[in-house]
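Given next are the chains, with one letter for each unit.
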Amino acid sequence: MFKFTLLAALLVGASAFVVPGGMGPRTRSVKVNEDFGLFGFEKEWKDSSAVLSEAELEKLLNKDGLRYRMNRTEKESEGLADIGPTLKLGPLELKPPKVESIWEALGFTATGTNEASLKAKEEWKKGLKNNTYKFARFSKEEKDEWRQKYGYDRAYGEQ
(Lines give C-alpha, C1' and ligand atoms only; values in the text may rest on other atoms or scores of the structure.)
Protein backbone atom coordinates (compact mmCIF):
# COMPACT_ATOMS: atom_id res chain seq x y z
CA MET A 1 0.00 0.00 0.00
CA PHE A 2 2.86 2.37 0.84
CA LYS A 3 4.45 1.80 -2.60
CA PHE A 4 1.17 2.54 -4.33
CA THR A 5 0.71 5.80 -2.37
CA LEU A 6 4.29 6.86 -3.12
CA LEU A 7 3.84 6.11 -6.84
CA ALA A 8 0.58 8.09 -6.95
CA ALA A 9 2.22 11.07 -5.21
CA LEU A 10 5.12 11.05 -7.68
CA LEU A 11 2.76 10.94 -10.66
CA VAL A 12 0.64 13.80 -9.32
CA GLY A 13 3.78 15.84 -8.60
CA ALA A 14 5.19 15.13 -12.05
CA SER A 15 1.98 16.29 -13.73
CA ALA A 16 2.68 19.80 -12.41
CA PHE A 17 5.58 20.02 -14.86
CA VAL A 18 3.54 19.06 -17.93
CA VAL A 19 1.82 21.68 -20.09
CA PRO A 20 -1.98 21.21 -20.04
CA GLY A 21 -3.37 19.81 -23.25
CA GLY A 22 -0.30 17.71 -23.90
CA MET A 23 1.34 20.31 -26.13
CA GLY A 24 4.66 21.89 -25.37
CA PRO A 25 5.27 25.62 -25.64
CA ARG A 26 4.98 26.98 -29.14
CA THR A 27 7.95 28.79 -30.51
CA ARG A 28 8.04 31.24 -33.35
CA SER A 29 11.12 31.63 -35.42
CA VAL A 30 12.21 35.16 -36.19
CA LYS A 31 14.29 35.73 -39.26
CA VAL A 32 16.60 38.72 -39.18
CA ASN A 33 18.57 39.62 -42.28
CA GLU A 34 21.68 41.73 -42.03
CA ASP A 35 23.14 42.61 -45.38
CA PHE A 36 26.85 43.30 -45.59
CA GLY A 37 27.14 42.82 -49.35
CA LEU A 38 27.47 39.06 -49.05
CA PHE A 39 24.15 38.04 -50.56
CA GLY A 40 23.82 40.13 -53.71
CA PHE A 41 21.64 43.02 -52.56
CA GLU A 42 23.88 45.60 -54.22
CA LYS A 43 21.03 46.71 -56.48
CA GLU A 44 18.90 47.63 -53.47
CA TRP A 45 21.68 49.30 -51.47
CA LYS A 46 23.59 50.95 -54.35
CA ASP A 47 25.85 53.50 -52.64
CA SER A 48 23.85 53.65 -49.41
CA SER A 49 26.29 51.78 -47.21
CA ALA A 50 25.78 54.49 -44.58
CA VAL A 51 22.65 52.74 -43.32
CA LEU A 52 24.82 49.95 -41.90
CA SER A 53 26.38 52.32 -39.36
CA GLU A 54 24.40 54.64 -37.09
CA ALA A 55 27.26 57.15 -36.94
CA GLU A 56 27.48 57.32 -40.75
CA LEU A 57 23.69 57.55 -41.06
CA GLU A 58 23.63 60.46 -38.61
CA LYS A 59 26.33 62.28 -40.59
CA LEU A 60 24.46 61.65 -43.84
CA LEU A 61 21.16 62.98 -42.46
CA ASN A 62 22.83 65.96 -40.75
CA LYS A 63 24.39 66.93 -44.07
CA ASP A 64 20.84 67.46 -45.40
CA GLY A 65 19.78 69.27 -42.21
CA LEU A 66 17.72 66.34 -40.89
CA ARG A 67 17.90 65.16 -37.31
CA TYR A 68 18.73 61.61 -36.30
CA ARG A 69 17.25 60.08 -33.13
CA MET A 70 15.96 63.49 -32.00
CA ASN A 71 19.50 64.88 -31.68
CA ARG A 72 20.23 68.36 -32.94
CA THR A 73 22.31 68.68 -36.06
CA GLU A 74 25.82 70.16 -35.86
CA LYS A 75 24.53 73.50 -37.19
CA GLU A 76 21.67 73.64 -34.69
CA SER A 77 23.90 72.90 -31.71
CA GLU A 78 26.68 75.39 -32.59
CA GLY A 79 25.47 78.20 -30.31
CA LEU A 80 24.62 76.00 -27.34
CA ALA A 81 26.87 75.36 -24.37
CA ASP A 82 27.63 71.98 -22.82
CA ILE A 83 25.42 71.16 -19.85
CA GLY A 84 28.14 69.41 -17.90
CA PRO A 85 31.85 68.70 -17.69
CA THR A 86 33.83 66.59 -20.15
CA LEU A 87 35.01 63.35 -18.56
CA LYS A 88 38.35 61.84 -19.56
CA LEU A 89 38.99 58.17 -18.91
CA GLY A 90 42.41 57.50 -20.37
CA PRO A 91 42.19 57.96 -24.13
CA LEU A 92 38.37 58.00 -23.96
CA GLU A 93 36.68 61.39 -23.76
CA LEU A 94 32.98 61.59 -22.83
CA LYS A 95 31.39 64.89 -23.82
CA PRO A 96 28.04 66.10 -22.50
CA PRO A 97 25.28 66.86 -24.99
CA LYS A 98 24.79 70.37 -26.35
CA VAL A 99 21.16 71.08 -25.50
CA GLU A 100 19.10 73.99 -24.22
CA SER A 101 18.08 72.31 -20.97
CA ILE A 102 18.53 69.15 -18.98
CA TRP A 103 14.97 68.16 -19.99
CA GLU A 104 15.96 68.05 -23.64
CA ALA A 105 18.99 65.91 -22.76
CA LEU A 106 16.70 63.47 -20.97
CA GLY A 107 14.36 63.40 -23.97
CA PHE A 108 11.30 65.08 -22.48
CA THR A 109 11.33 68.13 -24.77
CA ALA A 110 13.48 66.72 -27.58
CA THR A 111 11.95 66.44 -31.03
CA GLY A 112 13.03 65.05 -34.35
CA THR A 113 11.17 67.77 -36.22
CA ASN A 114 12.99 70.79 -37.58
CA GLU A 115 12.58 73.06 -40.60
CA ALA A 116 14.40 70.68 -42.96
CA SER A 117 12.23 67.71 -41.97
CA LEU A 118 9.01 69.73 -42.37
CA LYS A 119 10.15 70.89 -45.81
CA ALA A 120 11.00 67.31 -46.84
CA LYS A 121 7.61 66.09 -45.60
CA GLU A 122 5.71 68.74 -47.56
CA GLU A 123 7.70 67.92 -50.70
CA TRP A 124 6.94 64.23 -50.21
CA LYS A 125 3.21 64.91 -49.78
CA LYS A 126 3.09 67.03 -52.96
CA GLY A 127 4.90 64.33 -54.90
CA LEU A 128 2.50 61.65 -53.70
CA LYS A 129 -0.53 63.66 -54.74
CA ASN A 130 0.87 64.29 -58.23
CA ASN A 131 2.48 60.83 -58.58
CA THR A 132 5.76 62.60 -59.31
CA TYR A 133 7.75 61.97 -56.16
CA LYS A 134 11.24 62.74 -57.42
CA PHE A 135 13.09 60.96 -54.61
CA ALA A 136 11.38 57.62 -55.15
CA ARG A 137 13.86 54.89 -54.33
CA PHE A 138 12.52 52.42 -56.88
CA SER A 139 11.10 52.76 -60.36
CA LYS A 140 7.89 51.03 -61.38
CA GLU A 141 9.92 48.33 -63.14
CA GLU A 142 12.00 47.68 -60.03
CA LYS A 143 8.89 47.43 -57.85
CA ASP A 144 7.27 45.03 -60.33
CA GLU A 145 10.46 42.95 -60.46
CA TRP A 146 10.49 42.74 -56.65
CA ARG A 147 6.80 41.78 -56.56
CA GLN A 148 7.40 39.09 -59.20
CA LYS A 149 10.47 37.73 -57.39
CA TYR A 150 9.19 37.71 -53.79
CA GLY A 151 5.40 37.85 -54.15
CA TYR A 152 4.79 41.02 -52.12
CA ASP A 153 5.54 44.73 -52.20
CA ARG A 154 8.81 45.93 -50.67
CA ALA A 155 7.33 47.59 -47.59
CA TYR A 156 4.38 49.70 -46.60
CA GLY A 157 4.92 53.29 -47.67
CA GLU A 158 8.02 52.71 -49.82
CA GLN A 159 7.96 54.56 -53.08
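Above this note sits the structure.
Residues numbered from 1 in each chain as written. Predicted model: local features only at pLDDT ≥ 70, side-chain atom pairs only at ≥ 80, totals over all residues. Heavy atoms only, no water.

If you tally the helices and strands in the protein, you get six helices and two strands. Moving toward the C terminus, one meets the helices and strands of the protein in the order α-α-α-β-β-α-α-α. Burial status across the protein gives 11% buried among its 159 residues. Across the protein, the fraction of contacts at a sequence separation of at least 24, relative to all contacts at a separation of at least 6, is 29%. (Helix = DSSP H or I, 4+ residues; strand = E, 2+ residues; numbered from the N terminus. Buried < 20%, exposed > 50% of the residue type's maximum accessible area, 1.4 Å probe, protein only. Contact = heavy atoms within 4.5 Å.)

This next bit is on unusual backbone geometry. For arginine 69, which is not glycine, the phi dihedral falls at a positive 55°. Position of arginine 69 among the secondary structure elements: in the loop between helix 3 (54-63) and strand 1 (87-89). Positive phi, normally seen in glycine, also occurs at methionine 70, with a value near 60°. Looking at where methionine 70 falls in the secondary structure, it is placed in the loop between helix 3 and strand 1.

Our next topic: the packing of aromatic side chains. Applying the stated rule across the entire model yields three aromatic pairs. When the ring of tryptophan 146 is compared with that of tyrosine 150, the centres are 4.3 Å apart and the planes differ by 50°; the resulting orientation is tilted. Residue tryptophan 146 and its partner tyrosine 150 are both found in helix 6 (residues 140-150); the two are separated by four residues, about one turn of the helix. Using a relative accessible area of 32% as the deciding quantity, one classes tyrosine 150 as partly exposed. For the ring pair tyrosine 150 and tyrosine 152, a centre distance of 6.3 Å and an interplane angle of 45° mean the geometry is tilted. (Phe/Tyr/Trp six-rings, centres within 6.5 Å; stacked < 30°, edge-to-face > 60°.)

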